[in-house]
Structures are given as structure tokens and as C-alpha cells.
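# A structural walkthrough
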Amino acid sequence: MFIRFMRVFSLLCMSFFLVQNVISAELDKRTPHERIELATTDLLTLIADAKGYFDNDPERFYRELSDILNPLVDFKSFTRSVMGDYGTRAYYQSLNKSQREQYKKDYHRFVMRFQEGLINTYGKGLLAFNGQKIVVEPATEEGLANVAAGNSVDVIQHIQGSEKNFTATYKMSPNKKGVWLLRNVSIGSINVGQLYRNQFAAAMDKNKGDFSAVIDAWVVEAKDLEEETEQESVEQ
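Only a predicted model underlies this, so the values are computations on that prediction, with no experimental measurement involved. (Residues numbered from 1 in each chain as written. Predicted model: local features only at pLDDT ≥ 70, side-chain atom pairs only at ≥ 80, totals over all residues. Heavy atoms only, no water.)

Okay, the nonpolar core next. In terms of nonpolar packing, the biggest core is built from 46 residues, with Phe61, Phe110, Phe114, Tyr170, Phe200 and Phe211 touching the most fellow members. In terms of residue count, the dominant contributor to this core is helix H6 (residues 97-127) (nine residues). In contact with Phe200, other than residues within four places in its own chain, are Val82, Met83, Tyr86, Phe110, Phe211, Val214 and Trp218. (Core = buried A, V, L, I, M, F, W, Y, C linked by side-chain atoms within 4.5 Å. Buried < 20%, exposed > 50% of the residue type's maximum accessible area, 1.4 Å probe, protein only. Helix = DSSP H or I, 4+ residues; strand = E, 2+ residues; numbered from the N terminus. Contact = heavy atoms within 4.5 Å.)

Below you can see the structure in the form of C-alpha cells.
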């Protein structure tokens with residue numbers, strides 16, 4: 001069931017990460033709804049282009065996708081949320097000096113691993129896209145008020161597939177420079193951040209609080225997940 005969920009998650013989340021122009025995040029003053037609306041336009045172009053060169057040059061696809069994702073997703077905030085209590089300031093302050101130094105190294109390594117895993121997941125979802133219709137709900141009066149106030153905003157998006165329809169909710173928040181970034185995603189009633197948070201907590205328990213070991217295991221688990229997904233595709 002988890003594998004199927006991740007495949008749907010890949011398809012639903014991908015449209016957020018494509019923009020009409022690759023510009024510096026510091027200069028991007030578009031509203032959260034505008035960012036996602038514009039993303040939908042470039043989605044079809046990216047898919048069409050990638051299917052023409054991916055088999056011969058997959059590195060190009062993931063490299064270009066990374067260039068688009070990095071300024072749009074608040075990976076550090078997303079990762080801290082996934083870490084739960086281990087990602088809080090209180091936990092950091094509870095460590096001694098040497099532990100803090102090791103924590104900083106492990107944290108940055110985990111951000112990179114987590115980021116890499118998400119990009120690969122979204123990339124696979126992009127290539128599996130087959131002409132479904134994507135519709136972004138316009139901002140409500142309450143949503144517009146929250147945007148004006150700089151509060152977090154939920155942007156609702158509907159994916160109309162050939163067999164099933166899905167709804168994704170993007171949690172968007174502005175950074176200190178006023179750029180709206182993705183902080184979390186929900187699919188229907190499933191909170192993706194919470195899903196990963198549960199996985200991280202279970203891994204920490206399994207490894208008896210060894211953060212470094214969790215990071216190493218996270219890479220292995222991601223590889224196993226990919227293999228299971230491919231096997232399920234073959235069986236279907």
C-alpha cells in the first residue's frame with residue numbers, strides 16, 4: 001500500500017515543481033497560486049522533451065529537474081519537520097558541544113539525502129505522466145487575505161486521471177524575503193510530511209538514536225523502495 005501511495009504522491013506533487021521561467025528565488029514575488037498555475041504550463045513541455053532524450057541521457061533530466069526544484073522547495077524546513085523532535089532547537093540545545101558539531105554534519109548530510117530522494121521520486125512521477133488534466137483551484141477570499149498577511153496558505157490542485165481523480169493540498173509559506181516555498185503536501189487525508197516523520201521516528205528507534213546510522217539506512221531504504229516499485233510494475 002505504501003508503494004502505491006508513493007507512486008500517486010509522485011504524480012500529484014510533480015506539477016508544483018515546474019515553472020515558466022527559471023529565475024532566482026530571491027526575485028520571485030509571485031503568489032503561491034501563481035507559482036503552481038505557471039508550473040502546470042511547463043509541465044507538459046518538460047514531459048514531452050524528457051521522453052525524447054531520457055533513455056540516452058537520464059542525468060540531464062535529473063540535473064535540470066534539480067535546478068528547478070532547489071529554489072522552489074524549502075528542503076531544510078521540510079527535513080526538520082520530518083525529523084520531528086530531533087529537528088527542534090530544544091533538541092539541539094540539549095546536546096553538548098561535540099554532539100552539536102556531529103549533529104550539524106549529520107543534519108546537512110540528511111538534508112542532501114532527503115532532497116536527492118524526493119527529486120528522484122518526482123522525476124519518476126513526471127515520466128509516468130500520460131496526459132491527465134491538472135486543475136488548480138483559484139484562491140479564496142480567505143486565501144488571498146492569508147497571502148497578503150504572509151500567513152501559510154493551502155493551494156488545492158486536482159489531478160483528473162483516466163481511471164481515478166486525486167486532490168493534492170500544497171502547504172505554502174513565505175520565507176524571510178517573501179518568496180513562497182513548499183513546506184508540505186497532503187494527498188486527500190494523507191499528510192506526506194507526517195508519513196515521512198513516522199518513518200524517521202521508526203528508524204531512530206531501530207537504530208537507538210544513532211542519527212548517522214539512520215541517514216545511511218535511509219539511502220538503503222530508498223533503494224529498496226525503488227526496487228519494490230519496479231517489481232510491482234512488472235507484476236501488474
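This part takes up the environment of Ala168. Checked against the element boundaries, Ala168 lands in strand S3 (residues 165-174). We classify Ala168 as buried; its relative accessible area is 0%. In this structure, the C-alpha to C-alpha distance between Ala168 and His158, residues 10 residues apart in sequence, is 6.4 Å.

A positive phi is found at Lys208, a non-glycine position, where the angle reads about 55 degrees. Along the chain, the position of Lys208 falls in the loop between helix H8 (192-206) and helix H9 (211-235).

Another point: the side chain of His33. Its place among the elements puts His33 in helix H2 (residues 32-53). Not counting chain neighbours up to four residues away, the residues in contact with His33 comprise Glu137, Pro138, Ala139, Val153, Asp154 and Val155.

Okay, the pairing of strand S2 (residues 153-160) next. For a regular strand, the rule is simple: side chains alternate between the two faces of the sheet. Residues Val153, Val155, Gln157 and Ile159 line the buried face of S2, whereas the alternating positions Asp154, Ile156, His158 and Gln160 sit on a face that is not buried. In terms of strand pairing, strand S1 (residues 133-136) meets S2 through four bridges, oriented antiparallel. Across the sheet, the residue bridging to Ile134 is Ile159, located in S2. Where S2 lies against S3, eight bridges are found, and the strand directions are antiparallel. Opposite His158, over in S3, you have Thr167 as the bridge partner. (Pairing = 2+ DSSP bridges.)

This part takes up the side chain of Ser186. For Ser186, the position within the fold is in strand S4 (residues 180-187). Not counting chain neighbours up to four residues away, the residues in contact with Ser186 comprise Thr167, Ala168, Thr169, Asn191 and Val192.

Let us look at the packing of aromatic side chains. Working definition: an aromatic ring pair is given by the centre-to-centre distance plus the angle between the planes. In this structure the tally under the stated criterion is 19 aromatic pairs. With 5.9 Å between their ring centres and 70 degrees between their planes, Phe110 and Phe211 make a pair best called edge-to-face. With Phe110 in helix H6 and Phe211 in helix H9, the pair connects residues that are 101 residues apart, well separated along the chain. Across the pair, exposure class does not vary: Phe110 and Phe211 are buried alike. Ring geometry for Phe114 versus Tyr196: centroids 5.4 Å apart, planes at 80 degrees, classification edge-to-face. Here Phe114, found in helix H6, pairs with Tyr196, found in helix H8; they are 82 residues apart in sequence, far enough to count as distant. (Phe/Tyr/Trp six-rings, centres within 6.5 Å; stacked < 30°, edge-to-face > 60°.)

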